[in-house]
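Structural features, examined
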Amino acid sequence: MSDRHQLRFALAALLAGLLWGYARHRGDRRTSVHSALQGLEWFIAYGGAAALVALARNFLERADPPEPPEGERVTHFRQVVAERTGTEG
């Protein structure tokens with residue numbers, strides 16, 4: 001499963017955890033805290049933290065393109081075309 005799909009799955013688990021935590025602790029004074037903790041727990045359990053780290057690493061690797069070595073620079077390309085007819089002996 002790719003990192004983006006894993007993150008989407010973990011976000012769905014986060015939402016389900018928020019709803020479950022709210023439903024389970026709705027009579028408590030700290031309903032929102034219990035709900036947030038349950039959602040965070042499910043997000044981490046379903047690989048959300050690992051997916052975020054992997055996406056951040058990929059983003060940082062793409063953000064810094066490799067610099068060409070000093071002194072070596074391509075300024076133009078030259079293409080040589082040789083015609084072969086098949087009658088040459």
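Structure first, text after, so check above.
Remember, predicted model here, so these are calculated numbers, not experimental data.

So, the overall build of the protein
Each helix and strand counted, the protein has three helices and zero strands in total. Tracing the protein from N to C terminus, the helices and strands come up as α-α-α. On C-alpha atoms alone, the protein measures out to a radius of gyration of 28 Å, which is more than a quarter above the 12 Å that the 2.2 N^0.38 rule sets for 89 residues. Expressed as lengths along the three principal axes of its C-alpha atoms, the size of the protein is roughly 95 × 40 × 15 Å. Burial statistics for the protein: of 89 residues in total, 16% are counted as buried. Total accessible area on the protein stands at roughly 8,100 Å², and carbon and sulfur atoms take up 57% of it.

Digging into the packing of helix 1 (residues 3-24) against helix 2 (residues 31-45)
Interaxial distance between helix 1 and helix 2 falls to 7 Å at its minimum, and their mutual angle equals 150°. One finds that helix 1 runs roughly antiparallel with respect to helix 2. For the pair helix 1 and helix 2, the sense of crossing is right-handed. Of the residues in helix 2, those in contact with Leu7, Ala10, Leu11, Ala13, Leu14, Ala16, Gly17, Leu18, Trp20, Gly21, Tyr22 and Arg24 of helix 1 are Thr31, His34, Ser35, Ala36, Gln38, Gly39, Leu40, Trp42 and Phe43. Grouping the constituent residues of the contact of helix 1 with helix 2 by class yields 13 nonpolar, seven polar and one charged.

Calculation criteria
- Residues numbered from 1 in each chain as written.
- Predicted model: local features only at pLDDT ≥ 70, side-chain atom pairs only at ≥ 80, totals over all residues.
- Heavy atoms only, no water.
- Helix = DSSP H or I, 4+ residues; strand = E, 2+ residues; numbered from the N terminus.
- Rg over C-alpha atoms; globule rule 2.2 N^0.38 Å.
- Buried < 20%, exposed > 50% of the residue type's maximum accessible area, 1.4 Å probe, protein only.
- Areas by Shrake-Rupley, 256 points an atom, 1.4 Å probe, with all protein chains shown as cover.
- Axes fitted to C-alpha atoms, helices over the stretch in contact; angles between N-to-C directions.
- Parallel < 35°, antiparallel > 145°, perpendicular 65-115°, else oblique.
- Left-handed = near helix turned anticlockwise from the far one by under 90°.
- Contact = heavy atoms within 4.5 Å.
- Nonpolar A, V, L, I, M, F, W, Y, C, P; charged D, E, K, R; others polar.

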